[in-house]
Structures are given as structure tokens and as C-alpha cells.
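The primary structure of each chain is shown beneath.
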Amino acid sequence: MENLLKLEPNPSLLSNQTLPVVNSYNEWDPLKEVIVGRVEGAAVPHLEPALLTNSYPNNLGFFQKYAGQPFPQELVEIAAKELNDFCHILEAFGVTVRRPDIIDFSKTYKTLDFEASGFYAAMPRDVLIVVGNEIIEAPMAWRSRFFEYRAYRSLMLEYFRRGAKWTTAPKPSMSDEFYDFEFAQKPVEKRYALTEKGHFVIRDTEPSFDAADIVRFGRDLFVQRSHVTNNIGITWLKRHLGDTFRVHVVNFPDYNPMHIDASLVPLRPGLALINPARPCIEKELFKKAGWDLVDAAPSTLPENWPMYMCSSWVCMNILSLDPETIVVEKQEEPMQKLLKDLGFKVIPVDFRHLYTFGGSFHCVTCDVRREGKLEEYGFSDPLEEEG
């Protein structure tokens, strides 16, 4: 860890400017406080409909073997070390780091509609989103994540008592009617064909969205419909945020959609990464607003690396410390070169074993406080786009 002390923090991150306890409008303003997830207590979820749809066929054996049990200890230990080292690096840059409580997610629970065991508190980006001075707890769609919010409850209470606005979106009952069980059981090719036509494993019976299906560009938020985010969930978000913010629905040619932060990643005003394997269908919307969309570099991840819940495009899942500084996985050299060529300072950090748990730097964080205020970045009203 001696090398961590040699890092040179950006002076803007160490300013004494007074900010609200919760303050974040985009993905790139100077980072001041962040929640970083934990893998301790993580459990392998059962193959419920939404998970079955989002996993890949060659991974089903892992879930069938370990479902309901703690993640293998050797996976937890090395991923926990990477997370802890990442926290020290953030602290060296003057960022306040907060962590969720450790919970045993292997415990089973039963509601009026289903019985399940838990998952983890490794990815706060999935369950929490900060919009201005408000923290919103997302309803989410996996039964294994029904009680995930409890790992963050002590933090949410603290922020609330210190003046933050705290909202919990209505959690779906996750009854059998909420899922299309037939969809989940279809062969992969048929599921992909249905997804291309706008059919997903969750129905519009109750609001649902994962916070990671939303990306923030100041006043404008972009959200995708996916196997965890439905139309009624997007409608709830629009009505809740009101006229201060504008929610745009964007689409990608993704046959297994879940979470937008490996498809569209804003880097600084006017510049964003897109996934060349599934470029944004509404790219003209961004070009009209004066934004440049740059193809992300492919991952260097070996094909035999254990990946149970995401693809190698998780290499796009980077974290901006400020408009000039970005944290990137240490072995993703093509991505590092691309960002350096774009004028960024790159902070390489070992994080590959977190990939195995389904995310990277953006997934494992929720930025609670960034310097900056609400700004507009050239986008039109969603109603004008529809017209």
C-alpha cells in the first residue's frame, strides 16, 4: 500500500467549499464523498426469473451448485481486498469513503408473495441514485435484492438527519404476476428475439427500476428499459422528479439489457463513451446537443475469466474523480490509452476480481457528494424529441 501515498490528488478535490450533505447532479464533477460497496456477506442467489434471464447459459451450473450459500470464500477475499485498496486510493484523493453494513445475505426470508435468500451489498449504484440533494432507493426487480436496502439503512438515516432528502420508491410485491415465467424459460435465441421487439421478463404491473439503468447529465437523466426497469417504473421516476429534471428514454441493440453504465458513460461536458457493440439508437439526440460519442475500447479480459452476471464490457464501468481524472481497471490498457488520448489523467487500479461479482468502479460506488450545481448540457425537452 506504500504506493498509494505517492498519488498526487487533484487540489480541487481538497477544497473546503461547503456543500450540502448530499449533492450530485452528474457523473463527472469533483468527487467529495462516496459510498463503496462490500462483498463480505455476499450470497449466491437462486435462479429466479429475472436472474435466469440476465445470466448466460454457461453460468447456470454455478448458480445451481451454490444457490442460497455464501459466495466461495476465495472469491470474496480477493475481491474484498481490491475494494479496500480502491477505498484507500479514493481517500488519498481527498474523497470521504462510506461503507454499507455487513449483512449475511444467505439468510432466507418470506413475504406474502415469495420466499428467497439474498444477494449482496457490493453494488450501491444498483439500489441508490443521488439526484441533486435527494437520495432515491430504487425498487429493483430481483427477489434476492428485496431487502438489500437494509445494508444502507444506517447511512440513509444519517444523511436524512443531516438534512438530505431521502425517498424510497414503491417496492414491487414481486409476486408471480410481476414476471413472465414463460419468457425466462424460453431458449436464449427466442428470448433475444423477443427483447429486440421490446418484450422483457418483468411486466408493467408495478413500478420497477434499478438505479444503474439511469445515467445523469445535469438536468437531463437518461434511462433504458431493461429486464429490471419497466415502463411504469420510468413513469414513476418522471413524475417524482417533476419539472426540475427531464427524463429521456434511450435504447440500445442489447439482447440482454440490464444497467446502462456499460453502454453509455459520460466523461465530461460534451463527451461520452458508447459501447460499439450496442451503440445508442438515439445517438442523433446527443449529436444535436453538441456531444461527441466515442467508441469504448474492448476489454482485455481472458475468455476463461469467471463472469456470472455481466459481460466483458464492464471495462467501460469507470469512475470519474473530476472532469480530468478517471479510475480505470489496471489491466484494461486499451481503455487507458483511449482515455489518455482524450486528454484524461488515468488512475489504474486492480479490480478484475470485482468483475466476477458483476460490476466495476461505477457499479460499486454511489457518489453522494460532488462539487457543482445543476446545469443544462444542450439537450431538448423529451416531448420535443418525440415530436
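Residues numbered from 1 in each chain as written. Predicted model: local features only at pLDDT ≥ 70, side-chain atom pairs only at ≥ 80, totals over all residues. Heavy atoms only, no water.

J.: Describe the overall build of the protein, with residues and values.
T.: Looking only at helices and strands, the protein features 12 helices and 17 strands. In summary, the protein has a C-alpha radius of gyration of 20 Å against a globular reference of 21 Å for 387 residues, a match within 12%. Projected onto the principal axes, the alpha-carbon positions of the protein cover approximately 55 × 55 × 45 Å. By residue count, 60% of the 387 residues in the protein fall in the buried class. Contacts in the protein between residues far apart in sequence, at least 24 positions, make up 74% of those at least 6 positions apart. Split by element, the accessible area of the protein, about 15900 Å² in all, is 50% carbon and sulfur. Averaging the coordinates of the 42 positive side-chain charges in the protein and doing the same for the 55 negative ones gives two points 2 Å apart. (Helix = DSSP H or I, 4+ residues; strand = E, 2+ residues; numbered from the N terminus. Rg over C-alpha atoms; globule rule 2.2 N^0.38 Å. Buried < 20%, exposed > 50% of the residue type's maximum accessible area, 1.4 Å probe, protein only. Contact = heavy atoms within 4.5 Å. Areas by Shrake-Rupley, 256 points an atom, 1.4 Å probe, with all protein chains shown as cover. Lys, Arg positive; Asp, Glu negative; His and termini not counted. Charge placed at Lys NZ, Arg CZ, Asp CG, Glu CD.)

J.: An account of the pairing of strand β13 (residues 292–295) is requested, with residue identities and associated values reported.
T.: As judged from the 4 bridges shared by strand β12 (residues 271–274) and β13, these two strands associate in the parallel manner. Across the sheet, the residue bridging to L271 is D292, located in β13. Regarding the hand of the β-α-β motif, the stretch spanning β12, helix α9 (residues 283–288) and β13 is right-handed. (Pairing = 2+ DSSP bridges. Right-handed = clockwise from strand over helix to strand, strands pointing away.)

J.: Quick rundown of the packing of aromatic side chains? Include the residues and the values.
T.: A complete count under the given rule lists 34 aromatic pairs for this structure. Aromatic side chains Y25 and F245 sit 6.4 Å apart centroid to centroid with 20 degrees between the ring planes, which places their arrangement in the stacked category. With Y25 in the segment before β1 (31–36) and F245 in the loop between α8 (231–241) and β10 (246–250), this pair connects stretches of sequence that are 220 residues apart. Pair check on accessibility: Y25 and F245 agree, each one buried. With a centroid separation of 4.9 Å and 35 degrees between ring planes, the pair formed by F222 and F286 is classed as tilted. Linking F222 in strand β9 (residues 220–224) with F286 in helix α9, this pair joins segments that are 64 residues apart in sequence. Accessibility classification places F222 together with F286 in one group, the buried group. Taken together, the aromatic side chains of W28, F217, F222, F286, W291, Y377 and F379 make up a single cluster linked through ring pairs. (Phe/Tyr/Trp six-rings, centres within 6.5 Å; stacked < 30°, edge-to-face > 60°.)

J.: Could you give an account of the sheet that holds strand β14 (residues 319–322), with specific residues and numbers?
T.: Pairing in this open sheet of 3 strands is mixed, and the strands run β14-β15-β16 from one edge to the other. On the outer flanks of this sheet lie β14 and β16 (345–349), each paired with one strand and no other. Averaged over all adjacent pairs, the angle separating strand axes in this sheet is 30 degrees, with direction ignored. As paired strands, strand β15 (residues 325–329) and β16 are joined by 5 bridges and run parallel to one another. Considered in β16, the bridge of I326 is made with V346. Against the sheet, helix α3 (residues 73–92) makes contact with β14, β15 and β16, and its axis sits at roughly 20 degrees relative to β14, the strand it touches most. (Axes fitted to C-alpha atoms, helices over the stretch in contact; angles between N-to-C directions.)

J.: Which residues make up the pattern of salt bridges, and what are the values?
T.: Counting across every chain of the model gives 22 salt bridges. A salt bridge links E376 to R246; its shortest N-O distance comes to 3.1 Å. Of the two residues, E376 sits in the loop between β17 (365–370) and α12 (382–386) while R246 sits in strand β10, which places them 130 residues apart along the sequence. Ionic pairing is found between R352 and E329, a salt bridge with its closest N-O pair at 3.9 Å. Of the two residues, R352 sits in helix α11 (residues 352–355) while E329 sits in strand β15, which places them 23 residues apart along the sequence. (Salt bridge = Lys/Arg side-chain N within 4 Å of Asp/Glu carboxyl O.)

J.: A description of the nonpolar core should follow, citing residues and the corresponding values.
T.: Nonpolar side chains tend toward joint burial in soluble globular proteins. V39, F71, F86, L90 and F357 are the most contacted members of the largest nonpolar core, which totals 56 residues. Within the residue set of this core, elements represented by two or more residues are β1, α1 (49–54), α2 (60–66), α3, α6 (181–185), β14 and β16. Sorting elements by how many residues they give to this core places α3 first, with 9 residues. If near-sequence neighbours (up to four positions away) are discounted, V39 is found in contact with V76, A79, A80, L83, A122, L354 and F357. Membership of the second largest hydrophobic core comes to 36 residues, among which are L128, W236, L241 and V368. (Core = buried A, V, L, I, M, F, W, Y, C linked by side-chain atoms within 4.5 Å.)

J.: Got a sec to walk through α8? Specific residues and values, please.
T.: All of the buried residues along α8 are G233, I234, W236, L237 and L241. Down the axis of α8, the sector holding all buried residues measures 155 degrees, keeping them to one side. Where α8 is buried, its residues contact β5 (128–131), β6 (134–137), β7 (165–168), β8 (214–217), β9 and β10. G242, located one to two residues past α8, shows a positive phi value of around 70 degrees. (Arc of directions from axis to C-beta.)

J.: Which residues make up unusual backbone geometry, and what are the values?
T.: Here M140, not a glycine, exhibits a phi torsion of approximately 60 degrees, which is positive. A positive phi angle is found at H259, which is not glycine, with a value near 85 degrees. Positionally, H259 belongs in the loop between β10 and β11 (264–268).

J.: Give a description of the environment of V247 that names residues and reports values.
T.: As for its position among the elements, V247 is in strand β10. Spatially, the C-alpha atom of V247 lies 4.8 Å from that of L221, the residues being 26 residues apart in sequence. Contact partners of V247, with chain neighbours within four places excluded, come to L221, V223, I234, L237, K238, L241 and P382.

J.: So what's going on with the confidence of the model for the protein? Which residues, and what values?
T.: Detailed reading of the predicted model is not advised wherever pLDDT is low. Averaged over all residues, the pLDDT of the protein equals 93, while 94% of them reach at least 70. A low-confidence stretch, residues 1–16 stays under pLDDT 50, and its non-local contacts, those more than four residues away or across chains, total 34 contacts. (pLDDT = per-residue confidence, 0-100.)

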